[in-house]
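Observations on the model geometry
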Amino acid sequence: MRLDNLNIPWGRGIFRRTKRISLELSNLCNHAEIHHRCPAHFQEEPAILPEAIVDAVLAGCRAYEFQGIISFHLYNEPGIDPRLVLFMRKVKQALPAARLFLLTNGWYLDQTLAREFEAHGLDFLGISAYSEEERARLSRISLGIPVRILLEPHDDRVHWYTGQTASGHSLACYCPLYEICITCRGEVGLCPFDWQRRHVFGNLHKDPLAAVLEQPAVWRLYGELSKGNRELEICRACPTFRGEPWIADAGGAPQDLDPEKPS
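In short, a report on the structure. In this text, all values refer to a predicted model and were calculated from it rather than measured experimentally. (Residues numbered from 1 in each chain as written. Predicted model: local features only at pLDDT ≥ 70, side-chain atom pairs only at ≥ 80, totals over all residues. Heavy atoms only, no water.)

In this section: the packing of helix α1 (residues 51-63) against helix α2 (residues 84-94). Closest axis-to-axis distance for the α1/α2 pair is 10 Å, and the angle between their directions is 20 degrees. It follows from the interaxial angle that α1 and α2 lie roughly parallel. You can see that α1 and α2 cross each other, and the crossing is right-handed. Across from Glu51, Val54, Asp55, Leu58 and Arg62 in α1, the residues of α2 making contact are Leu86, Phe87, Lys90, Val91, Gln93 and Ala94. Across the contact of α1 with α2, the residue classes break down as six nonpolar, one polar and four charged. (Axes fitted to C-alpha atoms, helices over the stretch in contact; angles between N-to-C directions. Helix = DSSP H or I, 4+ residues; strand = E, 2+ residues; numbered from the N terminus. Parallel < 35°, antiparallel > 145°, perpendicular 65-115°, else oblique. Left-handed = near helix turned anticlockwise from the far one by under 90°. Contact = heavy atoms within 4.5 Å. Nonpolar A, V, L, I, M, F, W, Y, C, P; charged D, E, K, R; others polar.)

Here's what the structure looks like:
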């Protein structure tokens, strides 16, 4: 489910190129064993993102009045985490103007649970159905928020590190700042597609998010990717892109896409 072009405001300060922050609550997925093309299938030891890190990220977002999207997935099924509703409440308390996005495989989802998620502030619901039967069942769920159900096969990202699917294109991409990816081990990563976490900028067990994002290396890589210069192997193999260009103001003034630092 693409969340671009939904009139999501840009952040400010360290988040001024950011529209979305994704927190991976764990590396657990109830479908991991049966989907051999999903990166979750290759996880060896369970890892859980501590509540303290979620709280610290939300506090940092509040300091900058972040109004973008908060989600709770990268390579996990958020619906199996018993803390999910707690975290949804925390987001709405700390960031009342932020939008909550839930992407789920829908295994545990029914009308009652979906309405409870909506009551706790869910703004967008995306469901990856893995059979026509599941899609039919999930399509009967009725909510007053945008819902999108996709019958979604797995792509070839598990092979992108090998060069077997190298695309060689030069599409502009706006990670790692457009969508800030925080893994279940507290790492601030390059983007969702770097599922082996080969490129991380810091760890929130050691440093606050602001300190990680203020590193010149983050902004230099963002500048290169935003011009289509895909210097990393994973970026060269990736056939897609994330995000959209940063626009300076409502009048559409262009922004330099080669920032050396965040201020």
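So, on to empty space enclosed by the protein. Considering all chains together, one arrives at two cavities of 30 Å³ or more under this definition. Forming the walls of the largest cavity are Trp160, Cys173, Cys175, Leu190, Cys191, Phe193, Leu225, Arg230, Ile234, Cys235 and Cys238. Of the residues in the lining of the largest cavity, the class split is ten nonpolar, no polar and one charged. Put simply, the second largest cavity is a space of about 50 Å³. (1 Å grid on protein atoms, 1.4 Å probe; cavity = no way out; pocket = protein on both sides within 12 Å on 5 of 7 lines; lining within 4 Å. Points joined across faces, edges and corners; volume = space filled by probe spheres on them.)

Moving on, we come to the pattern of salt bridges. Across all of its chains, the model carries 13 salt bridges by this definition. Measuring nitrogen to oxygen at the nearest pair gives 3.0 Å for the salt bridge that ties Lys90 to Asp55. Residue Lys90 is found in helix α2, and its partner Asp55 is found in helix α1; the two are separated by 35 residues along the sequence. Between Arg137 and Glu134 there is a salt bridge whose closest N-O contact spans 2.9 Å. Pair noted here: Arg137 and Glu134 are both in helix α4 (residues 132-138), with a separation of three residues, about one helical turn. Several salt bridges share partner residues, and in doing so they unite Arg20, Glu179 and Arg242 into one network. (Salt bridge = Lys/Arg side-chain N within 4 Å of Asp/Glu carboxyl O.)

Here we take up the sheet that holds strand β5 (residues 147-151). Across a sheet, paired strands are connected by hydrogen bonds in the backbone, their directions being either parallel or antiparallel. Here we have eight strands laid out as an open sheet, ordered β5-β4-β3-β2-β1-β6-β7-β8, and mixed in their pairing. The open sheet has two edge strands with one neighbour each: β5 and β8 (200-203). Along the sheet, successive strands turn relative to each other by an average axial angle of 20 degrees, direction set aside. Strand direction decides the pairing type here: strand β3 (residues 99-104) and strand β4 (residues 122-129), joined by five bridges, are parallel. (Pairing = 2+ DSSP bridges.)

Enumeration according to the criterion identifies five aromatic pairs in this entry. Where Trp10 meets Tyr178, the ring centres are 5.9 Å apart and the plane angle is 75 degrees; that geometry is what we call edge-to-face. In this pair, Trp10 sits in the segment before β1 (20-23) while Tyr178 sits in the loop between β5 and β6 (179-182), placing the two residues 168 residues apart along the sequence. Clustering of aromatic rings is evident, with ring pairs tying together Phe15, Tyr64 and Phe66. Against the face of Trp10 rests Lys19, its NZ or CZ located 4.6 Å from the ring centre. (Phe/Tyr/Trp six-rings, centres within 6.5 Å; stacked < 30°, edge-to-face > 60°. Lys NZ or Arg CZ within 6 Å of the ring centre and 35° of its normal.)

Moving on, we get to α1. Taking 1.5 Å per residue as the helical rise, α1 with its 13 residues ought to reach 18 Å, and the 19 Å between its terminal C-alpha atoms agrees with that figure. Of all the residues in α1, the buried ones are Ile53, Val54, Val57, Leu58 and Cys61. Angular distribution of buried residues about the axis of α1 spans 135 degrees; they occupy a single face of the element. Within α1, the exposed residues directed more than 90 degrees away from the buried face are Ala52, Ala56, Arg62 and Ala63. Looking at the buried positions of α1, the neighbouring elements they touch are β1, α2, β6 and α5 (209-213). (Expected span 1.5 Å × (residues − 1). Buried < 20%, exposed > 50% of the residue type's maximum accessible area, 1.4 Å probe, protein only. Arc of directions from axis to C-beta.)

Below, the discussion takes up the environment of Ala172. With respect to the element layout, Ala172 can be found in the loop between β5 and β6. The class for Ala172 is partly exposed, based on a relative accessible area of 24%. For the pair formed by Ala172 and Arg242, sequence separation is 70 residues and the distance between their alpha carbons is 8.5 Å. If sequence neighbours within four positions are ignored, Ala172 has contacts with Leu225, Ser226, Gly228, Arg230 and Phe241.

Function cannot be inferred from these measures alone, as they are strictly geometric.
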